[in-house]
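In case you want the letters, here they are:
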Amino acid sequence: MPDGGHGFGQGFPALVLNADFRPLSYFPLSIWAWQDAVKAVFLDRVSVLSEYECEVHSPRVTMRLPSVIALKEFIPAARRPAFTRFNVFLRDSFECQYCGHEKPAQELTFDHVIPRSRGGRTTWENVVAACGPCNLRKGSKLPREIHMHPRQVPRQPTSWELQENGRHFPPNHLHESWRDYLYWDSELEN
Ligand SMILES: [Zn+2]
């Protein structure tokens, strides 16, 4: 059990990097519970790059909990990203594809460009992020009927494109030791 933790199990998550030292994924950010991180350290599957102050004790070993770990073996990103609600938002950068406003996920909806009632399917090519008012306005009309066209022609993104988009949306609560691994590029650019 960790010393001085606020919550067992919940606390002290480790940021997980791929063998190229980029997060295994940005969205959701790749984070493991400390128990999984410690197990991976003992199995020699990861290197520890940063640690918390807090320690765990077993009968034989005392170790500080890892806060950032990197896989020793590179895991290639899946080539075709899953068609999920979240990935659609990510592809569209959390922007309503009609008015162009950026919204938090809970204020976004999905719009079928060709409405389902008109034979439109639920696919990468026919679903876009839309804010509530735009979705309501468009209703069951075709884009040309109401002159509402998506800003970008919807299509299946690559995993790389999703990763790149995800980099612009870091989570709010970061352990400070994670920052180096998350913001390297943007800090250099600024
Ligand atoms: Zn809108």
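Here the structure is shown first, and the text comes after it.
What you see is a predicted model; the values in this text were computed from it and never measured.

K.L.:
What am I meant to see in the coordination of the zinc ion here?
P.N.:
Tetrahedral metal sites with four donors have an ideal angle of 109.5 degrees; octahedral sites with six donors have ideal angles of 90 or 180 degrees. Coordination sphere of the zinc ion, protein contribution only: Cys-96 (SG), Cys-99 (SG), Cys-131 (SG) and Cys-134 (SG), at 2.3 Å. In this structure, the zinc ion is surrounded by four donor atoms whose angles at the metal cover 102 to 116°, and the resulting shape is tetrahedral. In terms of primary sequence, the donors binding the zinc ion are separated according to C-x2-C-x31-C-x2-C. Residue Cys-99 is located in the loop between helix H2 (85–91) and strand S5 (108–112), and its partner Cys-134 is located in helix H3 (residues 132–138); the two are separated by 35 residues in the primary sequence. On the accessibility criterion, Cys-99 (25% relative accessible area) is partly exposed. According to the relative accessible area criterion, Cys-134 is buried, its value standing at 7%.

K.L.:
Before we go on, may I ask you to explain the environment of Ala-70 in this structure?
P.N.:
Assignment of secondary structure puts Ala-70 in strand S4 (residues 62–71). Through-space distance from the C-alpha of Ala-70 to that of Phe-21 is 6.3 Å; in sequence the pair is 49 residues apart. Sequence-distant contacts of Ala-70, that is, excluding residues within four places in its chain, are made with Leu-17, Asn-18, Phe-21, Arg-45, Val-46, Ser-47 and Leu-49.

K.L.:
I tried to follow the side chain of Gln-97 on my own but got confused; where do I start?
P.N.:
As for its placement among the helices and strands, Gln-97 is situated in the loop between H2 and S5. Here the side chain of Gln-97 touches Gln-152 through a polar contact of 3.4 Å, landing on its backbone nitrogen. Other than its neighbours up to four places away in sequence, Gln-97 contacts Asp-92, Val-128, Ala-129, Ala-130, His-149, Pro-150, Arg-151 and Gln-152.

What counts and how
- Residues numbered from 1 in each chain as written.
- Predicted model: local features only at pLDDT ≥ 70, side-chain atom pairs only at ≥ 80, totals over all residues.
- Heavy atoms only, no water.
- Donors = N, O, S within 2.8 Å, 3.2 Å for Na, K, Ca; no water.
- Tetrahedral: all angles 85-135°; square planar, octahedral: opposite > 155°, others 65-115°.
- Helix = DSSP H or I, 4+ residues; strand = E, 2+ residues; numbered from the N terminus.
- Buried < 20%, exposed > 50% of the residue type's maximum accessible area, 1.4 Å probe, protein only.
- Contact = heavy atoms within 4.5 Å.
- Polar contact = N/O pair within 3.5 Å; in protein donor to acceptor, adjacent residues only side chain to side chain.

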